[in-house]
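Residue-level structural notes
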There are 2 protein chains.
Amino acid sequence: MTTYILRPVLSTLKLWHVRGRCSAPQSDDLAQVKTMLQLCVDRYFISPGKSNTARFRRGMSCNYGPLGMELRRNLLEQWWRSVSSSRDQVFGISTVSCTMDGDSDTGEGGGHLRMVEAESLKQMLQQENISKEQIIQELQSLLQRAPPLRRNLLQGALLQFVPMLELVNRKLPFGLAEVGLCFEPSDGSGRLTEFTQTSLVWFCSPRTSSQWLDHWARQRLKWWRKFSLSPSGFSISNVPGEEVIAAASRGVRVLYNFPWGQEALETLWSRGDAELLHVHNGVRSKLQCRNERKSVPQVLSITGNVDCGLMAFLFNSLQQLEKKDGKQRLQHRKVLKLHPVLSPIKVALDTGRGATVELKQVCEGLLHELMETKITVWPGYLEPAPTSMEQLFAKYDEMGVLFSVVITEDTLETGLLQVRSRDTTIKETMHISAIMNFLTRYISAAEKI
Amino acid sequence: MTTYILRPVLSTLKLWHVRGRCSAPQSDDLAQVKTMLQLCVDRYFISPGKSNTARFRRGMSCNYGPLGMELRRNLLEQWWRSVSSSRDQVFGISTVSCTMDGDSDTGEGGGHLRMVEAESLKQMLQQENISKEQIIQELQSLLQRAPPLRRNLLQGALLQFVPMLELVNRKLPFGLAEVGLCFEPSDGSGRLTEFTQTSLVWFCSPRTSSQWLDHWARQRLKWWRKFSLSPSGFSISNVPGEEVIAAASRGVRVLYNFPWGQEALETLWSRGDAELLHVHNGVRSKLQCRNERKSVPQVLSITGNVDCGLMAFLFNSLQQLEKKDGKQRLQHRKVLKLHPVLSPIKVALDTGRGATVELKQVCEGLLHELMETKITVWPGYLEPAPTSMEQLFAKYDEMGVLFSVVITEDTLETGLLQVRSRDTTIKETMHISAIMNFLTRYISAAEKI
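Residues numbered from 1 in each chain as written. Chains lettered and ligands numbered in written order. Predicted model: local features only at pLDDT ≥ 70, side-chain atom pairs only at ≥ 80, totals over all residues. Heavy atoms only, no water.

Some points on helix α6 (residues 132–145) of chain B
The criterion, for reference: In DSSP terms, a helix is any run of H or I states spanning at least four residues, a strand is any run of E spanning at least two, and both are numbered starting from the N terminus. Every helix has an expected span of 1.5 Å times one less than the residues it contains. Only protein chains enter the accessibility calculation, which uses a 1.4 Å probe; a residue whose area is less than 20% of its type maximum is buried, one above 50% is exposed, and one in between is partly exposed. Working definition: the arc comes from the directions between the helix axis and the C-beta atoms, pointing outward to the latter. Residues count as neighbours in contact if any of their non-hydrogen atoms are within 4.5 Å of one another.
Over its 14 residues, α6 of chain B extends 20 Å from the first C-alpha to the last, a length consistent with the 20 Å expected when each residue adds 1.5 Å. When we look at burial in α6 of chain B, the residues that qualify are K132, I135, I136, L139, L142 and L143 of chain B. In an axial view of α6 of chain B, the angular spread of the buried residues amounts to 125°, which keeps them on one side of the axis. Looking at α6 of chain B, the residues exposed on the side facing more than 90 degrees away from the buried face are E133, Q137, Q144 and R145 of chain B. Looking at the buried side of α6 of chain B, the elements it contacts are α5 (118–126) and α6 (132–145) of chain A together with β2 (113–117) and α5 (118–126) of chain B.

Structural data, given as structure tokens:
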């Protein structure tokens, strides 16, 4: 396999000093970051390339390879399940990322970034007899027509509040959950960034908003820790007074302790009712709930950055081991001990040394059987053959694959194959007829934990 | 429940004549469209509002309510499963929607729409002593810096080709699958649109590309029909010569017969190798595969519009029934007979007439049990109480809910509850201890069909 040389590492490291809240990274930490980024490129979590690695490292959306894409899917699925099944009053919604009618160009939600048709701008500039005033006028009208791109999912949820209030018989509390792409002008560099946000907007009575903020902060921390290898990396802390945004009275952050310092994965704000009133033009009667003396609901926002969360779980799950091999040589092993539920690939199928047509057919059959039970499988038999079995298992450890199944010429004769576990490194010999049952049992048990 | 008055219907109907390929709609068809759109708003598939309904009707991304959002999730999940598990050589990827470095501003992929920071443009216009030439210069440099928004997912896949070719040991065929947001300048109206695209880009040898195009066209048609109530609404047809895009040699469309005429849900193109070569600056050696005499792969693109597909399944599944009630009055019933796998809500829990605290607790308990087995449940007991049981079932039929479970005061005493099926309209009395088993069995059986 090709190892992409990771030139961008140093340039991304330079970003540290602009991120704030970071202690100076130690050389051990530097090495850990470098190892992690290289692993992500080599093992198809992210695509190679300087700017892509930099984007990933800064917690933005980037080009993900098959493993990164699956990890992200799993993460989003778990977030969704946790938020929507935690309470009966959480409803999913999906809103557009650019508003056509300027109907939500208010507050924090939009305004900064706009989609412009480059062609019409170019055509205007090519007109010969156009005056400065005309240019300015046309530009202003163009800007007004250009739809703003959302910076967060809050506005969408606030707009959906009214029909949803009818749905729950005007009773509080309830919540609206959404996952979607958001856009942000980047600080300083002039570059624009996109990222995938998770959002739960919770509407509750003024009397209970403080308890709800604490409730959700605890819930979210519990969720992050549930899937982590070393839970102490995740923590919560109140947002210090000077950093509280204008709209909010109080904030809590879920933090992860990256090698370069703590960064927020999720932020919870108690935002009062001003923004909700603003979006609905101050018409209190539309917003009043039946219980709680007809008060206008308080808004809590719980927003996370999926790309940043994905990176946290990757750093959290990386174990670097030193082990002496048979000839007493020191070996460095990297194992990505992702939680079984998050692991992008549960099972890898391989033939060890070069796949013959018959071996490939056995692999394909098993692959389809596993896929039908919704288990993600890696077709290792398609990849270039490794030089040794140790190399093969090392590769799958770096991919976080739970089980490596090796099918050899022996399998064709005896029906026996080898199953190797990532977490125990134990290799078992098993009959091919028993493998499906073994794997589905283990994986569905892991999902229920 | 509030019924939103559907003023936009007429204005969206006016859109028909601009869409082309449409026969003049009959008044029956008009009524059907009107009924469908009203149902979608009333039953939380889409959010109310004139522009939102228009967007939905035109097959763009719109603001979806809880049911629309779940239906979309189910549709994407099924698409994903079908594409990724159909063959072992399909890999999922995820690419960014705006490129930062202009590195993919080529061909069909970008260029037209750009993200502009409105603030910097405004600031420029406010400078007093700026000359016309300076404005033009600054605008040109602004345009060049502004990242283009993608119009399709093809470019991303073509860029990912090289690392993925290494992965499969330089052997063809293989495919890259992705789902993502794309942006398009709207024709004529000057408005911009966003939509969610599904994309499979298939790389194969020149010799086999024609067979692969036929293979995928058949597969895709089979997929659409699998989930439909009346499969004949879906068809495939070759793209007529005059409509074939410049990059492609041949095209096939999967069409749905909407009340206003046929529209494409998915389009398959045989695109040759020119775009792939262009993206990789013509470096053939990077692109050559090991088999097939080191040829550069041919590219097939299979792209669908999720929002349009969702609408097709809604129209396809709507059954309008006339039935006489006990008093010989003619009743009109609408049933959304969505495939069990696609139905956004599998089970509704209700109490019929107003929920007491005890009844609500029983409902909540059952709701959490069902959610844990990944069955989507509707908390009907939170909604305003209906006037009759018939009204209640009519509502759930319009939501496409598979089973309505009614818990009453009797349940508290005897443990018995009523289960009503959407498809048979049969009501069964069942003990509460048996309900979980009954529902999970039915639903998991339906998923395996």
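Re the packing of helix α2 (residues 27–42) of chain B against helix α3 (residues 50–57) of chain B
Residues and elements named next belong to chain B. We count it as follows: Lines fitted to C-alpha atoms define the axes here, with helix axes fitted over just the stretch in contact, and angles between the N-to-C directions of these axes take values from 0 to 180 degrees. What sets the label is the angle itself: under 35 degrees gives roughly parallel, over 145 gives roughly antiparallel, 65 to 115 gives roughly perpendicular, and the rest give oblique. In this scheme the handedness of a crossing depends on how the near helix is turned from the far one: anticlockwise by less than a right angle means left-handed, clockwise means right-handed. Polarity classes work like this: nonpolar for Ala, Val, Leu, Ile, Met, Phe, Trp, Tyr, Cys and Pro, charged for Asp, Glu, Lys and Arg, and polar for all others, with Gly in that last group.
At a minimum axis distance of 11 Å, the contact between α2 and α3 shows a crossing angle of 120°. In terms of orientation, α2 lies oblique with respect to α3. α3 is crossed by α2, and the crossing has right-handed handedness. Of α3, the residues touching α2 (which contributes V33, L37, C40 and V41) are T53, F56 and R57. Classifying every residue of the contact of α2 with α3 by side-chain character gives five nonpolar, one polar and one charged.

Some points on the interface of chain A and chain B
In many analyses, interface size is given as the accessible surface area lost on bringing the parts together. Quick note on the threshold: When two parts are brought into contact, each loses some accessible area as probed by a 1.4 Å sphere; the total of that loss over both is the buried area. Salt bridges, as used here, are contacts in which a Lys or Arg side-chain nitrogen is within 4 Å of a carboxyl oxygen on Asp or Glu. What qualifies as a polar contact is a pair of N or O atoms within 3.5 Å, subject to a donor-acceptor requirement within protein and to the restriction that residues adjacent in sequence count only when both atoms come from side chains. A pair of strands is treated as paired once DSSP finds two or more bridges between them.
Taken together, the contacts link 88 residues of chain A with 88 residues of chain B. A combined buried area of about 7,700 Å² lies between chain A and chain B, and 60% of that area is made up of carbon and sulfur atoms. Taken together, chain A and chain B are joined by two salt bridges. Here E77 of chain B makes a salt bridge to R73 of chain A, at a shortest N to O gap of 3.6 Å. Taken together, the links from chain A to chain B amount to 14 residue pairs in polar contact (both at pLDDT 80 or more). A total of eleven residues in the side of chain A that touches chain B trace back to one element, the largest contributor, which is helix α4 (residues 66–86) of chain A. Of the residues assigned to the side of chain A that touches chain B, the class counts are 42 nonpolar, 23 polar and 23 charged. Where strand β2 (residues 113–117) of chain A meets β2 of chain B, five bridges bridge the pair, whose relative direction is antiparallel. Among the inter-strand pairings, M115 of chain A is bridged to a residue of β2 of chain B, identified as M115 of chain B.

Examining the relation of the copies chain A and chain B
Rule in force here: We superpose the copies by least squares over the C-alpha atoms of residues that have a pLDDT of at least 70 in both of them.
After a rotation of 180° and a shift along the axis of 0.0 Å, chain A superposes on chain B with an RMSD of 0.1 Å. On the angle and the small slide along the axis, the relation comes out as a two-fold axis.

Things to note about the domain arrangement of chain A
All names here are of chain A. Note the following rule: Residue ranges assigned to each domain were obtained from an automatic or database domain assignment.
Under the domain assignment used here, chain A contains domain 1 (28–99 + 134–314) and domain 2 (345–448). Contact with domain 1, which involves eight residues of that partner, is made by eight residues of domain 2. Taken together, both faces of the contact between domain 1 and domain 2 bury some 690 Å²; the carbon and sulfur share is 65%. One can count one salt bridge joining domain 1 with domain 2. Summed over the shared surface of domain 1 and domain 2, the number is one residue pair in polar contact (both at pLDDT 80 or more).

Observations regarding the pattern of salt bridges
As enumerated under the stated definition, the model contains 38 salt bridges over all chains in all. Residues K427 of chain B and E390 of chain B are paired through a salt bridge, measuring 3.7 Å at the closest nitrogen-oxygen approach. Remark: E390 of chain B occurs in helix α13 (residues 389–399) and K427 of chain B occurs in strand β15 (residues 427–431); sequence separation between them is 37 residues. The exposure class assigned to K427 of chain B is partly exposed, which follows from its relative accessible area of 41%. Owing to a relative accessible area of 38%, E390 of chain B belongs among the partly exposed residues under this scheme. One connected set of salt bridges, linked through shared partners, spans R333, E390, D397, R420 and K427 of chain A.

A few points about the sheet that holds strand β8 (residues 298–305) of chain A
Residue and element names in this part refer to chain A. Taken in spatial order, the seven strands of this open sheet run β1-β3-β4-β8-β7-β6-β5, and their pairing is mixed. At either end of the open sheet lies a strand with only one pairing partner, and these are β1 (90–92) and β5 (234–238). Each neighbouring strand pair of the sheet contributes to a mean axis angle of 30°, computed without reference to strand direction. Where strand β4 (residues 192–204) lies against β8, eight bridges are found, and the strand directions are antiparallel. Among the inter-strand pairings, V201 is bridged to a residue of β8, identified as S301. Contacting β1, β3 (174–185), β4 and β8, helix α7 (residues 154–167) runs over the sheet at an angle of about 160° to β3.

A closer look at the UniProt feature "coiled-coil region" (unreviewed entry) in chain A
Selection rule: UniProt positions are given in the numbering used here, feature names are shortened, and annotations may be inferred rather than shown by experiment.
When the UniProt feature table is mapped to this numbering, "coiled-coil region" (unreviewed entry) covers residues 118–145 of chain A. As annotated, residues 118–145 of chain A has a helix share of 82% and a strand share of 0%, and its two end C-alpha atoms lie 13 Å apart.

Topic: the pairing of strand β13 (residues 403–406) of chain A
Residues and elements named next belong to chain A. The two faces of β13 match: F403 and V405 on one face and S404 and V406 on the other face are all buried. Relative to β13, strand β11 (residues 347–350) runs parallel, the two sharing four bridges. By the bridge assignment for β13, V347 is matched with F403. Taken together, the four bridges between β13 and strand β14 (residues 416–421) define a ladder with antiparallel strand orientation.

Topic: the environment of T429 of chain B
Residues and elements named next belong to chain B. Locating T429 in the fold gives a position in strand β15. When the C-alpha positions of T429 and V419 are compared, they lie 6.3 Å apart, and in sequence the two are ten residues distant. When residues no more than four places from it in sequence are discounted, the contact partners of T429 are L416 and L417.

Thoughts on helix α11 (residues 306–317) of chain A
Residues and elements named next belong to chain A. When the terminal C-alpha atoms of α11 are compared, their 16 Å separation across twelve residues agrees well with the 16 Å that a helix rising 1.5 Å per residue should span. Counting buried positions along α11 gives twelve out of twelve residues, so the element sits mostly inside the fold. Capping of α11 at its N-terminal end is provided by N305; its side-chain oxygen lies 2.9 Å from the backbone amide nitrogen of D307.

Describing the UniProt feature "domain: Anticodon-binding" (unreviewed entry) in chain A
With numbering aligned to this structure, UniProt lists the feature "domain: Anticodon-binding" (unreviewed entry) at residues 357–440 of chain A. In residues 357–440 of chain A, helix accounts for 50% and strand for 21%; the two terminal C-alpha atoms are 27 Å from one another.

Examining the environment of M436 of chain A
Residues and elements named next belong to chain A. Its place among the elements puts M436 in helix α15 (residues 432–448). What makes M436 buried here is its relative accessible area of 14%. In sequence terms M436 and T373 are 63 residues apart; their C-alpha atoms lie 9.4 Å from each other. Discounting residues that sit within four places of it in the chain, M436 has contacts with E369, L370 and T373.

Some thoughts on the pairing of β8 of chain A
Residues in a regular strand project their side chains so that they alternate between the two faces of the sheet. Residue and element names in this part refer to chain A. Burial within β8 is extensive, with seven of its eight residues counted as buried. Direction of pairing for strand β7 (residues 261–270) relative to β8: antiparallel, over a ladder of five bridges. Directly across from T267, in β8, lies its bridge partner T303.

Details of the sheet that holds β13 of chain A
Strands pair in a sheet through their backbones, by hydrogen bonds, and they do so in one of two ways: parallel or antiparallel. Residue and element names in this part refer to chain A. With respect to topology, five strands assemble into an open sheet ordered β12-β11-β13-β14-β15, the strand pairing being mixed. Taken across any chain shown, the strands that pair with only one partner, and hence form the sheet edges, are β12 (377–379) and β15 (427–431). Ignoring which end each strand starts from, the neighbouring axes of this sheet average 25° apart.

Looking at the confidence of the model for chain A
Residues and elements named next belong to chain A. Quick reminder of the rule: A residue's pLDDT is simply how confident the predictor is in it, with values from 0 to 100.
Chain-level statistics for chain A give a pLDDT mean of 86 and a share of 90% at 70 or above. Scored below 50 in pLDDT, residues 102–110 shows 21 contacts in the model against residues more than four places distant or in partner chains. Reported confidences for the modelled complex are a pTM of 0.90 and an ipTM of 0.89.

Let's talk about a negative patch on the surface
Residues and elements named next belong to chain A. Put simply, the test is: For patches, a residue must show more than 30% relative accessible area and have no salt bridge; joins then use 9 Å for like charges and 5 Å for nonpolar side chains, namely Val, Leu, Ile, Met, Phe, Trp and Tyr. In these tables, accessible area is a Shrake-Rupley quantity obtained with a 1.4 Å probe, and a residue counts as shielded only by the protein chains included in the view. Lys and Arg are tallied as positive, Asp and Glu as negative. Neither His nor the chain termini are counted. For this purpose, a charge sits on NZ of Lys, CZ of Arg, CG of Asp or CD of Glu.
Negative charge collects at one region of the surface, where E358, E409, D410 and E413 lie side by side. Of the residues forming the negative patch, the biggest block, three residues, is contributed by helix α14 (residues 409–414). With respect to the helices and strands, D410 occurs in helix α14.

Re unusual backbone geometry
Residues and elements named next belong to chain A. Between L172 and the following residue, P173, the backbone shows a cis peptide bond with an omega angle of -10°. With a phi close to 50°, N281 is a non-glycine residue in the positive phi region. Mapping N281 onto the fold places it in the loop between α9 (274–279) and α10 (284–287). Assessed through its relative accessible area of 67%, N281 is described here as exposed.

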